[in-house]
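Summary of structural features
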Amino acid sequence: AQSVTQPDIHITVSEGASLELRCNYSYGATPYLFWYVQSPGQGLQLLLKYFSGDTLVQGIKGFEAEFKRSQSSFNLRKPSVHWSDAAEYFCAVGAIASWGKLQFGAGTQVVVTP
Amino acid sequence: GAVVSQHPSWVICKSGTSVKIECRSLDFQATTMFWYRQFPKQSLMLMATSNEGSKATYEQGVEKDKFLINHASLTLSTLTVTSAHPEDSSFYICSARDKDRVRTGELFFGEGSRLTVL
């Protein structure tokens with residue numbers, strides 16, 4: 001069965017510091033991986049996705065993620081966070097045969113301090 | 001990017017009444033839409049897949065008679081929570097897949113609808 005684990009429920013980071021959010025997955029086939037961001041009371045915005053090819057994926061808002069098959073991980077990073085990055089971040093996994101049926105992780109709440 | 005709009009964004013209703021939530025793709029056509037439910041401080045759980053012109057496919061454990069889904073056009077899917085009870089209170093989010101960009105794998109999410117049942 002497929003699953004997505006985000007080990008960190010809550011992360012506090014200072015503005016200007018680097019950020020890394022962890023995501024581990026368990027999947028029987030080739031996974032298609034996504035990172036979404038959700039602001040309070042809002043829907044989800046896609047930050048980036050990995051389907052194939054280069055394992056380092058660039059996304060919007062200065063985010064990047066690296067797919068490591070050997071570690072079953074797809075960690076999200078940003079070199080320097082801005083106060084506007086405070087939000088909930090979700091990692092998700094899906095399959096090409098069932099586009100849209102995503103399995104989401106529990107989410108990581110990011111708090112940015114001055 | 002493509003826009004998905006949900007209406008209403010929030011609704012309060014009395015126990016026993018039915019509530020309809022609309023999900024519209026504003027600038028693209030969606031043969032498939034998905035309905036998710038999100039409990040406070042929890043992740044999104046897929047409820048059902050809405051297919052234009054056919055019956056919805058429900059995930060295990062989701063009551064199809066409680067959560068009626070209709071996808072009558074390529075731009076509109078509706079979720080009706082029938083005989084709502086307080087335990088149905090939740091944040092409901094829809095997503096849509098652009099029929100002309102299926103291979104991109106990208107989903108477009110609505111802004112969500114918060115349902116509170118008194």
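Here, residues in each chain are numbered from 1, in the same order as that chain's written sequence. Here the convention is simple: chains get letters from A, ligands get numbers from 1, in the order in which they are written. With the structure being a predicted model, the display of local features is reserved for residues of pLDDT at least 70 and the display and counting of side-chain atom pairs for 80 or more, all residues being used for whole-chain, interface and lining totals. Values reported for side chains reflect all heavy atoms of the structure, with hydrogen atoms and water molecules removed beforehand.

Some thoughts on the nonpolar core
Working definition of a nonpolar core: buried Ala, Val, Leu, Ile, Met, Phe, Trp, Tyr and Cys residues. They are joined through side-chain atoms within 4.5 Å. Throughout, exposure labels follow a simple rule: accessible area from a 1.4 Å probe, protein chains only, divided by the maximum for the residue type, with under 20% read as buried, over 50% as exposed, and the rest as partly exposed. Among the nonpolar cores identified, the biggest contains 28 residues, and A:Trp35, A:Leu48, A:Leu76 and A:Tyr89 are the most heavily contacted of them. Mapped by element, the contributors of at least two residues to this core are β2 (10-14), β3 (19-21), β5 (32-38), β6 (44-50), β8 (64-68), β9 (73-78), β10 (87-94) and β12 (108-113) of chain A. Broken down by element, this core gets its largest block of residues, four residues, from β10(A). With 27 residues, the next largest nonpolar core counts B:Tyr58, B:Ala84, B:Cys94 and B:Leu115 among its residues. Under the DSSP-based scheme used, a helix requires at least four consecutive residues in state H or I and a strand at least two consecutive residues in state E, with every element numbered from the N terminus.

Description of the packing of aromatic side chains
Pairs of aromatic rings are described using the distance from one ring centre to the other and the angle between the two planes. Residues and elements named next belong to chain A. Between 30 and 60 degrees the pair is tilted, below 30 it is stacked and above 60 it is edge-to-face, where a pair is any two Phe, Tyr or Trp rings, Trp via its six-membered ring, whose centres lie within 6.5 Å. Tallied over the full model, the rule gives 15 aromatic pairs over all chains. On the basis of an interplanar angle of 75° and a centroid distance of 5.2 Å, the ring pair of Tyr32 and Phe51 is categorised as edge-to-face. Residue Tyr32 is found in strand β5, and its partner Phe51 is found in the loop between β6 and β7 (56-58); the two are separated by 19 residues along the sequence. Pair check on accessibility: Tyr32 and Phe51 agree, each one buried. Their ring planes at 45° and their centres at 6.4 Å tell us that Tyr50 and Phe74 sit as a pair that is tilted. Separated by 24 residues along the polypeptide, Tyr50 in strand β6 and Phe74 in strand β9 bring together distant segments of the chain. Under the relative-accessibility criterion, Tyr50 is labelled buried at 5%. With relative accessibility at 0%, the residue Phe74 sits in the buried group.

Focus: the state of the cysteines
Cysteine sulfur atoms are paired as a disulfide whenever they fall within 2.5 Å. Within this structure, the stated rule accounts for two disulfides over all chains. In this model A:Cys23 forms its disulfide with A:Cys91; the gap between the sulfur atoms is 2.0 Å. Across the S-S bond linking A:Cys23 and A:Cys91, the dihedral sits near -65°, which makes this disulfide left-handed. Within this pair, whereas A:Cys23 is found in the loop between β3 and β4 (24-26), its partner A:Cys91 is found in strand β10, the two being separated by 68 residues in sequence. The residue that forms a disulfide with B:Cys23 is B:Cys94, at a sulfur-sulfur distance of 1.9 Å. Linking B:Cys23 and B:Cys94, the disulfide has an S-S dihedral of approximately 80° and is accordingly described as right-handed. With B:Cys23 in strand β3 (residues 19-25) and B:Cys94 in strand β9 (residues 90-97), this residue pair connects regions lying 71 residues apart in the sequence. Accessibility expressed as a relative area gives 0% for B:Cys23, which makes it buried. Distance from the sulfur of B:Cys13, which forms no disulfide, to the nearest cysteine sulfur (B:Cys94) is 19 Å.

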